[in-house]
Each structure stands twice: as C-alpha cells, then as structure tokens.
Amino acid sequence: MNPASVTFGIFADIHTEIMPDGKKRLAAFLDACEKEQVDFIIQLGDFYYPSHRSPLKCPPEQTPVNVAYALHAGNLSEGEEIFQLFRSCPIPHYSVLGNHDLDFWNKEEAIHALDMPAPYYSFTANGFHFIVLDGNWYRDSSGIFHPYDHGDYFACKSNELPWLDPQQLDWLENELNKIQGPVVIFSHQSLHDQLYAIHNHNLLHQLLRQKAQRDGNLVVSINGHNHIDHIVQKDQVWYWNLNSMSNCWLGEDFATERYGAQTDNAYPNVRYTVPYQEPLFAIAVLNNNTLEITGRESCFIGPSPDELGFPANRTFAPVSAKVSSFTISV
C-alpha cells in the first residue's frame, strides 16, 4: 500500500549553454524544493554541455546555429558548475537524457556525467513507481536503430527521429506489468502524437492505455523538449509537456537583443530565444490517483513573440512564460 503522497520538483531545458543566468535559475528551483520539502527532484534533459569540445559527427552545413556557436563559446565550463549545484543537492535527484545532452557526448559519457544509472531506468519514492525513458534514437533508411552520438542526429531526416528503440519498449512493457498503483513516466521528447514527438508513439500509447484500463490507475507522461506549456488527455492517459525553465527558441529570423550587447555577445544564442524573466518549474504532489501541479508564471525578457511577429502556427501551443497549475485524477 502506498503512503499518502509523494512530492517532487521538476524542471526541463535549462540550457546552460544558452542562458547567462542558469545558476540563479537553478538555485531558485532548489530553494523552492527545499521549502516545499519535496521527496525528490528531476530534470528532463538539455541541461549542459561539457567544457571540452569533442568533434561533431555531422557535417558543418547541417550543424544548427546554436551548436555551431557552442563550438567556439568560452562559457561552457559554467554548465559543469551549475550541474554540480544540482548534483550536490541533498534531496534525491534524477535526470533524463535530452537530445542536446548528446551533442558533444555519446550516451555512455552523458549518463556518467549526469550521474544516471542508465539511459532509461525506474525508481521508487515513498512507495510510488517512476519510469525514465530515452527517446534519443534515430532509425535509418534500413530500419536500424542508432543512439544519438556527438550530434550525428543533426544529419537525419525528420522521419528518422526520434524513436524509442524496440528493446526499450520491451523493457517498458515488463515494468508496467510489475507496477501496482499510478504510473508516472518522464522523458525528454513527447510520447504523444504532436510536434517533435517520438515516431512510434502509437505503439507506446497502446501500452500506457492498456495499463490504465487494466488497473484503473492514473497514467501520466511528462516531457520537456518543446519549450511550451501544454496538457492533453488521450483515452485514459495524460500527456504533460513541461515548459522550459529558461526560454523558447524562436530562431534566426527573430533574433533580437535580450540582455544587452555585452551579455548577448558573451552568450550569442540567447538572441535567438525569448527568455523568461523568472525560472519556470513545477512542484508536483502525487496522491494515490491524483496528481496536483503547482506551476509558475513569469514574463518575457525583451520583445515578446507577438511583438516580433512570431506566427502562432509555428508551434502546437502558444509560446507563453508559464507553467500552468492543474490537477488530474481518475
């Protein structure tokens, strides 16, 4: 029997290689988690780059502008310092692999640096069961699955990534069969049928739907990656897209000064984003078959997406500086 509840703090996509104030943002999150006496904390990927610049495994012409800048940036060591702040937190802490965590690492290097037991794994807290998945796989034209490695995935076509590999899906099915009570799954990429989601989401959804229908328990999938605030229910399964702690990427067509010339020059990728004034994250309370989310609202630093003419149809949810508060249950 589960105890009354488990409380956890959660954030996604801090992107210390982009942001000039990552340490301040993370410190605010950790302070809030300490105040709320959470049982664990988890980050959903795209945390930081290593201070060394390993060669990319993709051609220069296919390297995104943010990664190209990072090859020559002088501030990547700050990411390691910020991650050590996360790692040194006395609260139990967990990580999810993001795609950008594999721009300058392979998976073995990344899970070692992020202090993870494996690319995908499960853990328990207060008797509740949690699952971490790894969507950082691409499938080539021959149908063979490959793990992301030093940015090689930038050379892939859109239909080639991302995926959950078959071995991981088999493992997940076995895990779901063992769980008694609600299921919470963490991933970087969305597991739902939406923009930038894993391609085999239908197969994944069948497993989650069967679990929800068989046991009548709450089944929730939580992801980052898209830098938006979005929650949707399909059948009896909930899919929550957690907004970035830091920003939404608008792209080169919408570049503008954000923090001032000196800071923007030191962090050249920040001009392609719309940063959030305050860090966005959530405190979640899982109580048997109810998940209560307390989010945060902020505002934009500099011109908003609307003021820049960023089209609303570029994403499947409005760009907003918030993580909504809501409650879901069965």
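Structure's up top.
Since the structure is predicted, the reported quantities are computational estimates derived from the model, not experimental observations.

What counts and what doesn't
Residues numbered from 1 in each chain as written. Predicted model: local features only at pLDDT ≥ 70, side-chain atom pairs only at ≥ 80, totals over all residues. Heavy atoms only, no water. Helix = DSSP H or I, 4+ residues; strand = E, 2+ residues; numbered from the N terminus. Rg over C-alpha atoms; globule rule 2.2 N^0.38 Å. Buried < 20%, exposed > 50% of the residue type's maximum accessible area, 1.4 Å probe, protein only. Contact = heavy atoms within 4.5 Å. Areas by Shrake-Rupley, 256 points an atom, 1.4 Å probe, with all protein chains shown as cover. Lys, Arg positive; Asp, Glu negative; His and termini not counted. Charge placed at Lys NZ, Arg CZ, Asp CG, Glu CD. Expected span 1.5 Å × (residues − 1). Arc of directions from axis to C-beta. 1 Å grid on protein atoms, 1.4 Å probe; cavity = no way out; pocket = protein on both sides within 12 Å on 5 of 7 lines; lining within 4 Å. Points joined across faces, edges and corners; volume = space filled by probe spheres on them. Nonpolar A, V, L, I, M, F, W, Y, C, P; charged D, E, K, R; others polar. Axes fitted to C-alpha atoms, helices over the stretch in contact; angles between N-to-C directions. Parallel < 35°, antiparallel > 145°, perpendicular 65-115°, else oblique. Salt bridge = Lys/Arg side-chain N within 4 Å of Asp/Glu carboxyl O. Core = buried A, V, L, I, M, F, W, Y, C linked by side-chain atoms within 4.5 Å. Pairing = 2+ DSSP bridges.

Trainee: Break down the overall build of the protein chain for me, with residues and values.
Mentor: What the protein chain contains, in helices and strands, is seven helices and 16 strands. For 330 residues, the compact-globule estimate of 2.2 N^0.38 gives 20 Å, and the protein chain sits close to it at 19 Å. Each principal axis of the C-alpha atoms in the protein chain carries an extent, and together these give about 55 × 50 × 40 Å. Taken across its 330 residues, the protein chain has 57% of its residues classed as buried. Sequence separation of at least 24 residues holds for 74% of the intrachain contacts in the protein chain that already meet a minimum separation of 6. Carbon and sulfur atoms provide 47% of the accessible area of the protein chain, an area that totals close to 13600 Å². When the 20 positive and 39 negative side-chain charges of the protein chain are each reduced to one mean point, those points stand 2 Å apart.

Trainee: Can you break down helix H5 (residues 166-178) residue by residue, with the values?
Mentor: The end-to-end C-alpha distance of H5 is 19 Å, a good match for the 18 Å that 13 residues give at a rise of 1.5 Å each. Where H5 is concerned, the buried positions are Gln 168, Leu 169, Leu 172, Glu 175 and Leu 176. The arc that holds every buried residue of H5, seen down its axis, measures 120°, which confines them to one face. Exposed and facing more than 90 degrees away from the buried side of H5 are Gln 167 and Lys 178. Contact partners of the buried residues in H5: strand S4 (121-125), strand S5 (128-132), strand S6 (137-139), strand S8 (183-187) and helix H6 (201-215).

Trainee: I'd like a description of the layout of surface pockets, backed by residues and values.
Mentor: Reported here for the largest pocket is a volume of approximately 1100 Å³. Taken together, 39 residues line the largest pocket, and the ones lying closest to its centre are Asn 99, His 100, Tyr 196, His 225 and Trp 249. Only helix H2 (65-70) and strand S12 (247-249) provide two or more residues apiece to the lining of the largest pocket. Looking at the lining of the largest pocket residue by residue, the class counts come to 19 nonpolar, 15 polar and five charged.

Trainee: Describe the packing of helix H1 (residues 22-36) against helix H3 (residues 77-87), with residues and values.
Mentor: One can describe the packing of H1 onto H3 by two numbers: an axis separation of 9 Å at closest approach and a directional angle of 10°. In terms of axis orientation, H1 runs roughly parallel to H3. Each of Gly 22, Lys 23, Leu 26, Ala 27 and Leu 30 in H1 lies in contact with H3, whose residues at this interface are Glu 81, Ile 82, Leu 85 and Phe 86.

Trainee: Summarise the pattern of salt bridges; cite the residues concerned and give the values.
Mentor: The final tally for this structure, using the stated rule, is nine salt bridges. Asp 115 is the partner of Arg 87 in a salt bridge, and the nearest nitrogen-oxygen pair spans 3.7 Å. Separated by 28 residues along the polypeptide, Arg 87 in helix H3 and Asp 115 in the loop between helix H4 (107-113) and S4 bring together distant segments of the chain. On the accessibility criterion, Asp 115 (43% relative accessible area) is partly exposed.

Trainee: Give a description of the packing of H5 against H6 that names residues and reports values.
Mentor: The contact between H5 and H6 brings their axes to 11 Å, and the two run at 5°. Considering their axes alone, H5 and H6 lie roughly parallel with respect to each other. The segment H5 lies against H6, with Leu 169, Leu 172, Glu 173, Leu 176 and Asn 177 engaging Leu 203, Leu 204, Leu 207, Leu 208, Lys 211 and Arg 214. A breakdown of the residues in the contact of H5 with H6 according to their chemical character gives seven nonpolar, one polar and three charged.

Trainee: Can you lay out the environment of His 199 for me, pointing to particular residues and giving the numbers?
Mentor: Mapped onto the elements of the fold, His 199 is located in the loop between S8 and H6. In this structure His 199 comes out as partly exposed when scored by relative accessible area, which is 33%. Between the alpha carbons of His 199 and Leu 164 there is a distance of 8.0 Å; along the sequence they are 35 residues apart. In this view, His 199 contacts Ser 158, Asn 159, Glu 160, Leu 161, Pro 162 and Trp 163; residues no more than four positions away in its chain are not counted.

Trainee: Hey, could you go over the nonpolar core for me, with residue numbers and the actual values?
Mentor: For soluble globular proteins, the rule of thumb is that nonpolar side chains tend to be buried together. Counting 78 residues, the largest nonpolar core has Ile 10, Phe 130 and Phe 186 as the members making the most contacts within it. Setting aside its immediate chain neighbours within four residues, Ile 10 contacts Phe 29, Ile 42, Leu 44, Phe 186, Ile 222, Trp 240, Leu 242, Phe 281 and Ala 282. Leu 133, Ile 198, Leu 207 and Ala 212 belong to the second largest nonpolar core, which has 18 residues in total.

Trainee: Can you tell me about the sheet that holds strand S9 (residues 219-223), naming the residues and giving the values?
Mentor: As a general point, the strands of a sheet are linked pairwise by backbone hydrogen bonds and lie either parallel or antiparallel. Strands sit in the order S4-S5-S8-S9-S11-S10 across an open sheet of six strands; the sheet is mixed. In the strand order of this sheet, the two ends are held by S4 and strand S10 (230-234), each with one partner. Strand-to-strand twist in this sheet, taken as the mean axis angle between neighbours without regard to direction, amounts to 20°. Along the sheet, H5 contacts S4, S5 and S8; its crossing angle with S5, the most-contacted strand, is approximately 175°. Relative to strand S11 (residues 237-241), H6 is tilted by about 125°, and along the sheet it contacts S8, S9, S10 and S11.

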